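An overview of the molecular structure
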Amino acid sequence: MSPPKRSLGLIDLGSNSARLMIVRYAPGEMFWITHEFSRRVRLSEGMSADPLLRLQPAAMERTIKTLAVLRAFCKARGVKRLLSVATAAVREAGNGEEFLARVQAATGLRLRVLSGEEEACVSALGVSNTLGLRAGLVFEIGGGSAQVSQISGGQFKRGITRPLGAVRMTETYLKSDPVQPEELRRLSDHAAATFGELEWMRLRAGERLAGVGGTVRALARIDREMRGYPLDLVNGYELELNRLDRLIARLGALPVKERVQHTPGLMQDRADIILAGAVVVAEALRRARADRLLVCGHGLREGLFFREFLKPADSPLIPNLREFSVLNLGRLCGYEEKHAGHVAALALALYDGLFKLHRYGAPEREWLWAAAQLHHIGASVSYADPYRHSSYLILSNGLYGYAHREVALLALLCLYLRGEKPALEPAASALEAGALERVKRLGALLRLAEALEISQTQAVSAVHAQVTGRRVRLTVEGRAGAEAGWELQAARQNAGLFEEVFGRRLEVGVED
């Protein structure tokens, strides 16, 4: 498939930051985020102290300069279509219209101000199409406000905006340095009381609470660094409330100028507002009765994009997110679609035929399919050791709708195609106890399926498995007019892992 030709720039101006995302895409088929920028502008700085809630001159000036740079970058990259939106700071400002006019005059950008409900709705769409959340709550905290949304059946049900942003709460409550315990208590009480007004902000059985926004992502990066988390992924990360409470206590004891030095993963531009944001996030968790937050690395900009990407479909929801995510990554890497699909078909035939040996279910079958689809994407980096490249491409990109442990498992399955015993760190430490045995068994099936398609010509049309005592026989059907000698030889040469993990002797032959 040729690279996607359409491009779209999305600018999101919030209370704390101005962000740009550029996406190339083929509608409904594949997309590729090519650039992302975030610049701190602190547009709402000083706004809460103004009786008329006006944006302050210095804040407006630096924001306009930043927007001009983002607009110029899009022009230099040949991005002709832009969607530009503004949220809480401009929405609430007494001089918001004046600011919008100045932005348009200086940059040519026509910022559309989102209502609180539309902002919540669009962010929820971004979450549904990247985390796969279909039922639960979405909590987003920005610089000026926080949004809470309820999702049912993958669709936005209702949402509300409250002035609980990290910048605003810092300026209103945390005025000492280091902060005083009484200030933290007053902020916690205020956030708890505000969320307490939302009677529907409770999780039901099987539902999750997802977190969105720069503050949430920053907290996830800090927690990831502090616990030595093995994967460099934010989307899908789980931030536990008990760890967040300990981080709040740690930050509360430090002056702002010492927070970065003593807090791994904390960036300087958030050092002054991260504590207030963490307190609000913790109170949201308590109100929802959740012990952890499922972190989303995407949100408003992605939600805006999905509205465009899925036109003219009736729903802006990706129907099968996990399948789409796998195929999207394969297409972006220019994979051989016919070859990958055939390896997947052979792997699933082995899986189904050998059920009495492994006794696994639908999740393992899907993992095997996904690994088969992606096993050779590393060839886009180098044909030397493509499976190792496939493994780190999966780990570094992640997969929408997949938990981190599943991403790690797929990366490990690709490593089992290398022939020798693979080095499994760091991905192996992301798996739960006992999962490596499953990885080995699925890896053995994937290795055989790849061997039976070694020439990448679909010479083997089908494979059948028969278990007899301590022996397994694979019977291969050749495609009419094709020579499958290479495939038979490769399967026999790669029988070792299968025999090791299943404890059966493997024989490979052709159909009589």
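Since we're looking at a predicted model, the values are computed, not measured. (Residues numbered from 1 in each chain as written. Predicted model: local features only at pLDDT ≥ 70, side-chain atom pairs only at ≥ 80, totals over all residues. Heavy atoms only, no water.)

**Some words on the overall build of the chain**
- Secondary structure summary: the chain contains 20 helices and 14 strands in total.
- Structurally, the chain occupies a C-alpha span of about 90 × 50 × 40 Å along its principal axes.
- Burial statistics for the chain: of 512 residues in total, 56% are counted as buried.
- Relative to all contacts within the chain whose residues are 6 or more apart in sequence, the contacts with residues 24 or more apart total 69%.
- As displayed, the chain has an accessible area near 21500 Å², and 49% of this comes from carbon and sulfur atoms.
- Placing the 68 positive and 57 negative side-chain charges of the chain at their respective mean positions leaves the two points 2 Å apart. (Helix = DSSP H or I, 4+ residues; strand = E, 2+ residues; numbered from the N terminus. Buried < 20%, exposed > 50% of the residue type's maximum accessible area, 1.4 Å probe, protein only. Contact = heavy atoms within 4.5 Å. Areas by Shrake-Rupley, 256 points an atom, 1.4 Å probe, with all protein chains shown as cover. Lys, Arg positive; Asp, Glu negative; His and termini not counted. Charge placed at Lys NZ, Arg CZ, Asp CG, Glu CD.)

**Digging into the packing of helix H13 (residues 337-353) against helix H15 (residues 362-374)**
- One way to put it is that H13 packs onto H15 with a least axis distance of 8 Å and a crossing angle of 155 degrees. It follows from the interaxial angle that H13 and H15 lie roughly antiparallel. For the pair H13 and H15, the crossing hand works out as right-handed. On H15, the residues touching Ala 340, Gly 341, Val 343, Ala 344, Ala 347, Leu 348, Tyr 351 and Asp 352 of H13 are Glu 364, Arg 365, Leu 368, Trp 369, Ala 372 and Gln 373.
- Here the residues of the contact of H13 with H15 are counted per class, giving nine nonpolar, two polar and three charged. (Axes fitted to C-alpha atoms, helices over the stretch in contact; angles between N-to-C directions. Parallel < 35°, antiparallel > 145°, perpendicular 65-115°, else oblique. Left-handed = near helix turned anticlockwise from the far one by under 90°. Nonpolar A, V, L, I, M, F, W, Y, C, P; charged D, E, K, R; others polar.)

**What about the sheet that holds strand S11 (residues 292-295)?**
- Ordered by their spatial adjacency, six strands build an open sheet running S8-S7-S6-S9-S11-S10, and the pairing between neighbours is mixed. This sheet does not close on itself; its edge strands, each paired only once, are strand S8 (155-162) and strand S10 (238-240). Taking each pair of neighbouring strands and ignoring which way they run, the sheet shows an average axis angle of 25 degrees.
- With seven bridges joining them, strand S7 (residues 146-152) and S8 adopt antiparallel strand pairing. When the bridges of S8 are listed, Val 148 appears paired with Ile 160.
- Across the face of the sheet, helix H10 (residues 274-288) comes into contact with strand S6 (135-141), strand S9 (208-212) and S11 while running at roughly 160 degrees to S6. (Pairing = 2+ DSSP bridges.)

**Thoughts on the pattern of salt bridges**
- On inspection of all chains with the given rule, the structure shows 34 salt bridges.
- For Arg 204, the salt bridge goes to Glu 207, with nearest N and O atoms at 3.2 Å.
- Via salt bridges that share partners, Arg 208, Glu 238, Glu 240, Asp 291 and Arg 292 belong to a single interconnected network. (Salt bridge = Lys/Arg side-chain N within 4 Å of Asp/Glu carboxyl O.)

**What to know about the packing of aromatic side chains**
- As enumerated under the stated definition, the model contains 14 aromatic pairs in all.
- Arranged with centres 5.0 Å apart and planes meeting at 90 degrees, the rings of Tyr 229 and Tyr 237 form a pair that is edge-to-face.
- Judged by its relative accessible area of 1%, Tyr 237 is buried.
- Ring geometry for Phe 305 versus Phe 306: centroids 5.6 Å apart, planes at 55 degrees, classification tilted. The residues Phe 305 and Phe 306 share a single accessibility class, namely buried.
- Among the aromatic side chains, those forming a connected cluster through ring pairs are Tyr 25, Phe 31, Phe 305, Phe 306, Phe 309, Phe 324 and Tyr 400.
- One Lys or Arg, Arg 322, reaches over the ring of Tyr 402 and ends 3.9 Å from the middle of that ring. (Phe/Tyr/Trp six-rings, centres within 6.5 Å; stacked < 30°, edge-to-face > 60°. Lys NZ or Arg CZ within 6 Å of the ring centre and 35° of its normal.)

**Observations concerning the environment of Arg 71**
- Looking at the element boundaries, Arg 71 is found in helix H1 (residues 57-76).
- By relative accessible area, which is 26% here, Arg 71 ends up partly exposed.
- Through-space distance from the C-alpha of Arg 71 to that of Leu 82 is 8.8 Å; in sequence the pair is eleven residues apart.
- Each residue touching Arg 71, except ones within four places of it in the same chain, is listed here: Leu 82, Thr 107 and Leu 109.

**Considering unusual backbone geometry**
- At the junction of Asp 177 and Pro 178, the peptide bond is cis and its omega measures out at 0 degrees in the coordinates.
- Checked against the element boundaries, Pro 178 lands in the loop between helix H5 (166-173) and helix H6 (181-196).
- Between Lys 311 and the following residue, Pro 312, the backbone shows a cis peptide bond with an omega angle of 5 degrees.
- Its identity is not glycine, yet Arg 42 carries a phi of approximately 50 degrees, on the positive side.
- Of note, Arg 42 is situated in the loop between strand S3 (30-40) and H1.
- Overall, the relative accessible area of 6% leaves Arg 42 in the buried class.
- The phi dihedral of Gln 458 falls on the positive side, at around 55 degrees, and the residue is not glycine.
- A residue is classified by how much of its surface remains accessible, and Gln 458, at 17% relative accessible area, is buried.

**Observations regarding helix H7 (residues 214-226)**
- If you check H7, its first and last C-alpha atoms are 18 Å apart, about what 13 residues at 1.5 Å a residue would give, namely 18 Å.
- Summarising burial for H7: ten of the 13 residues are buried, a large majority.
- What H7 keeps buried is the set Gly 214, Thr 215, Val 216, Arg 217, Ala 218, Leu 219, Ala 220, Ile 222, Asp 223 and Arg 224.
- Downstream of H7 by one or two residues, Gly 228 has phi in the positive range, about 65 degrees. (Expected span 1.5 Å × (residues − 1).)

**Some thoughts on the nonpolar core**
- Of all hydrophobic cores here, the largest spans 75 residues; its most connected members are Ile 394, Leu 399, Leu 410 and Phe 498.
- Excluding residues within four positions of it along the chain, Ile 394 makes contact with Leu 329, Leu 374, Ile 377, Leu 399, Val 407, Leu 410, Ala 411 and Cys 414.
- Within the second largest apolar cluster, 47 residues are counted, among which are Ala 191, Ala 218, Val 234 and Tyr 237. (Core = buried A, V, L, I, M, F, W, Y, C linked by side-chain atoms within 4.5 Å.)

**What about the state of the cysteines?**
- Under the defined criterion, the tally for this structure stands at zero disulfides.
- Distance from the sulfur of Cys 333, which forms no disulfide, to the nearest cysteine sulfur (Cys 414) is 11 Å.
- According to the relative accessible area criterion, Cys 333 is buried, its value standing at 16%. (Disulfide = S-S within 2.5 Å.)

**Notes on the sheet that holds strand S14 (residues 505-510)**
- Spatially, the three strands line up as an open sheet ordered S12-S13-S14, and their pairing is mixed. Here the strands that pair on one side only, and so sit at the sheet edges, are strand S12 (460-468) and S14. For this sheet the average axis-to-axis angle between neighbouring strands, irrespective of direction, equals 20 degrees.
- On top of the sheet, H13 reaches S12 and strand S13 (471-478); it is set at about 20 degrees to S12, its chief contact.

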